[in-house]
Amino acid sequence: MTVQEIIDLEQEYVLGVYSRPGFVLERGAGCTLYDSEGRAYLDCAAGIAVNALGYDDPGVNQAMQEAASTGMLHVSNLYHSAAHARLAQLLCETSFADKVHFSLTGADANEGAFKFARRYARERGHEDKYEILAFSNAFHGRLFGSLAATPRPKYQDPFKPLMPGVRFAQFNDLESARSQMDERVCAIIVEPVQGEGGIYPATQEFLLGLRSLADEYDALLIFDEVQCGVGRTGALWAYQGYGVEPDILTAAKPLAGGLPIGAILMRQKVADAMHKGDHASTFAGGPFTTHVARHVVSRIAEPAFLAAVEEKGQLLRDLLEELNSPHVLEVRGKGLMVGAELDIETGPLIGKAAERGLLVINAGPNVLRFVPPLIISHDEIKRAVAIIGEILQEL
Ligand SMILES: *Cc1c(COP(=O)(O)O)cnc(C)c1O
């Protein structure tokens, strides 16, 4: 099929909620994707911060083969499997958590976390303690509960009514958070580094303040690390770079290197509030995805791997600064989660970058987002920034 035939076919049969560029991806290797006409693209999008080990990684391929060789792609949560138990063990041993529950996406991990927080409050006899405190610019997902905690009118308005009981405070503003807090709040949810909202790292003071606020009101502190978790910031978990522990942490995007999986990590006191039959999912935690995820997490958890992420992130931020472009207002982020705020819309720039063989994405209308595979090399980082520099200069 030609490129145009594939695009026409898609437009005829696929719901049009995405606008996609005019090429068709065919294969990937390392940090490079190739389209059907053989053009190469250096990928700084990584499937939206998902493909942490890039494409065609030998270790991931081997883990998939091992998992496939059992013939057991799925068994449901009605039965035991070793892969499921061993991934949960690894996630607990590398974090604050005592227990893990798996989900399929970031949004359903967050909604599971909301349910656990309500259950925890009820278990302690607080019938009216069910509200959620979230923050400006947050992104927690597109289901009715997670969307209710994602304060963007464009995403919310066409689908109202959403889950009731969500209130908002200003991100990185402790006074604002305090003014929204009362006995009815069962959980505070925050991204330690906001992703979709424009790559805004929380301050340590803010997260520490939220920790005390949650404790003061016996509410749970939920860190949404769906985007910033699993090595992205140079720490395995973003909270570890802040020295502030949550009660619940949600993860998803990169957890199985590209396969769909989410996880809710929690303290024992949260686990104690959940009882048999309280929550469930048909597909979550299956032996295939959990076996692959264990390989991915154990690779990324290596101290040398994480140190390289930190160092390469610094290089990326430094090179973007050194462009000295009048269009770049601010460069921010942590590790390989980097945003460049521009004084122009990112759309045309992203299109031009693709024409020159670079895939980048936006985070809001004016922020160029770099979330490359964590295995990206120094040379690839230099090449990516050089392409952006050329385009900015021509504007
Ligand atoms: C992407 C994202 C989600 C939603 O994850 P899905 O897998 O798309 O449901 C939630 N929270 C954050 C911080 C995200 O970046």
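Residues numbered from 1 in each chain as written. Predicted model: local features only at pLDDT ≥ 70, side-chain atom pairs only at ≥ 80, totals over all residues. Heavy atoms only, no water.

A. Geometry of unusual backbone geometry. The peptide bond linking lysine 160 to proline 161 adopts the cis configuration, its omega dihedral lying at 5°. Notably, serine 76 is not glycine yet its phi reads approximately 80°, a positive angle. With respect to the helices, strands and loops of the structure, serine 76 is situated in the loop between helix H3 (58-69) and helix H4 (82-93). (Helix = DSSP H or I, 4+ residues; strand = E, 2+ residues; numbered from the N terminus.)

B. Highlighting the site of the ligand. The ligand sits among Thr105, Gly106, Ala107, Asn110, Phe139, His140, Gly141, Glu191, Asp224, Val226, Gln227 and Lys253. Between alanine 107 and the ligand, the recorded distance is 2.8 Å, taken from a backbone N or O atom to an oxygen atom. For the ligand, whose unbound accessible area comes to 380 Å², protein coverage reaches 81%. If one sorts the elements of the shell around the ligand by residue count, helix H5 (residues 106-123) sits on top with 3 residues. The residue inventory of the shell around the ligand, partitioned by class, reads 3 nonpolar, 6 polar and 3 charged. (Near = heavy atom within 4 Å. Polar contact = N/O pair within 3.5 Å; in protein donor to acceptor, adjacent residues only side chain to side chain. Areas by Shrake-Rupley, 256 points an atom, 1.4 Å probe, with all protein chains shown as cover. Nonpolar A, V, L, I, M, F, W, Y, C, P; charged D, E, K, R; others polar.)

C. Here's a closer look at the pairing of strand S11 (residues 248-251). Neither face of S11 is left uncovered, since the one carrying Ile248 and Thr250 and the one carrying Leu249 and Ala251 both have all their residues buried. Two strands pair when backbone bridges link them, and strand S10 (residues 220-224) and S11 are joined in this way by 3 bridges, in the parallel orientation. From the neighbouring strand, aspartate 224 faces S11, where its bridge partner is threonine 250. Here S11 runs beside strand S12 (residues 262-266); their pairing, made up of 4 bridges, is antiparallel. Each residue of the ladder has a partner; that of threonine 250, found in S12, is isoleucine 264. (Buried < 20%, exposed > 50% of the residue type's maximum accessible area, 1.4 Å probe, protein only. Pairing = 2+ DSSP bridges.)

D. Fine view of the sheet that holds strand S3 (residues 40-43). Judged by pairing direction, the sheet is mixed, and its 4 strands sit side by side in the order S1-S2-S3-S15 without closing on themselves. Looking at the sheet topology across the chains shown, the edges are occupied by strand S1 (25-29) and strand S15 (358-359). Note: S3 against S15, 2 bridges, orientation parallel. When the sheet's bridge partners are listed, aspartate 43 is paired in S15 with leucine 359.

E. Fine view of the packing of H4 against helix H11 (residues 287-300). Between H4 and H11, the least distance of the axes is 8 Å, while the angle of their chain directions is 30°. With respect to H11, the axis of H4 lies roughly parallel. Two packed elements cross with a definite hand, and for H4 against H11 that hand is left-handed. Contact residues: H4 offers Ala83, His84, Arg86, Leu87, Leu90 and Leu91, while H11 offers Pro287, Thr290, His291, Ala293, Arg294, Val297 and Ser298. When its residues are assigned to classes, the contact of H4 with H11 shows 7 nonpolar, 4 polar and 2 charged. (Axes fitted to C-alpha atoms, helices over the stretch in contact; angles between N-to-C directions. Parallel < 35°, antiparallel > 145°, perpendicular 65-115°, else oblique. Left-handed = near helix turned anticlockwise from the far one by under 90°. Contact = heavy atoms within 4.5 Å.)

F. Spotlight on the sheet that holds S11. Strands sit in the order S4-S12-S11-S10-S7-S5-S6 across an open sheet of 7 strands; the sheet is mixed. What marks the edges here is a single partner per strand, and that holds for strand S4 (99-103) and strand S6 (166-169). The sheet shows a mean angle of 20° between the axes of neighbouring strands, direction not considered. Relative to S6, strand S5 (residues 131-135) runs parallel, the two being bridged by 4 bridges. Residue leucine 133 lies in a different strand from S6, and its bridge partner there is arginine 167. Set on the sheet, H4 makes contact with S4 and S12; between it and S4 the angle comes to about 125°.

G. Broad picture of the side chain of glutamate 225. With respect to the secondary-structure elements, glutamate 225 resides in the loop between S10 and S11. Of the polar contacts made by the side chain of glutamate 225, one reaches the backbone nitrogen of tyrosine 239; its length is 2.9 Å. Once you skip the residues sitting within four places of it in the chain, glutamate 225 turns out to touch Pro192, Trp237, Ala238, Tyr239, Leu249, Thr250 and Ala251.

H. Representation of the layout of surface pockets. Computed from the structure, the second largest pocket encloses a volume of approximately 890 Å³. Forming the boundary of the second largest pocket are 27 residues, of which Asn77, His84, Val100, His101 and His279 lie nearest the centre. For the lining of the second largest pocket, the secondary structure elements donating two or more residues are H4 and S4. In terms of residues, the lining of the second largest pocket owes the most to one element, S4, which gives 4 residues. Looking at the lining of the second largest pocket residue by residue, the class counts come to 12 nonpolar, 12 polar and 3 charged. (1 Å grid on protein atoms, 1.4 Å probe; cavity = no way out; pocket = protein on both sides within 12 Å on 5 of 7 lines; lining within 4 Å. Points joined across faces, edges and corners; volume = space filled by probe spheres on them.)

I. The arrangement of helix H12 (residues 303-322) in detail. Spanning 20 residues, H12 covers 29 Å between terminal C-alpha atoms, matching the ideal 28 Å at 1.5 Å per step. Inspection of H12 places Phe305, Leu306, Val309, Lys312, Gly313, Leu315, Leu316, Arg317, Leu319 and Leu320 among the buried residues, and these make up the whole buried set. On the buried face of H12, the contacting elements are H11, strand S13 (328-334), strand S14 (337-342), strand S17 (367-370) and helix H14 (378-394). At the C-terminal side of H12, asparagine 324 shows a positive phi close to 50°. (Expected span 1.5 Å × (residues − 1).)

J. View of the pattern of salt bridges. This model, assessed by the stated rule, comprises 23 salt bridges. Close ionic contact of glutamate 127 with arginine 122 constitutes a salt bridge, the shortest N to O distance being 3.3 Å. One salt bridge connects arginine 332 with glutamate 341, and the closest N-O pair in it is separated by 2.7 Å. In this structure arginine 332 comes out as buried when scored by relative accessible area, which is 8%. What you see here is one network of salt bridges that share partners, running through Arg211, Asp215, Glu245, Asp247, Arg267 and Lys269. (Salt bridge = Lys/Arg side-chain N within 4 Å of Asp/Glu carboxyl O.)

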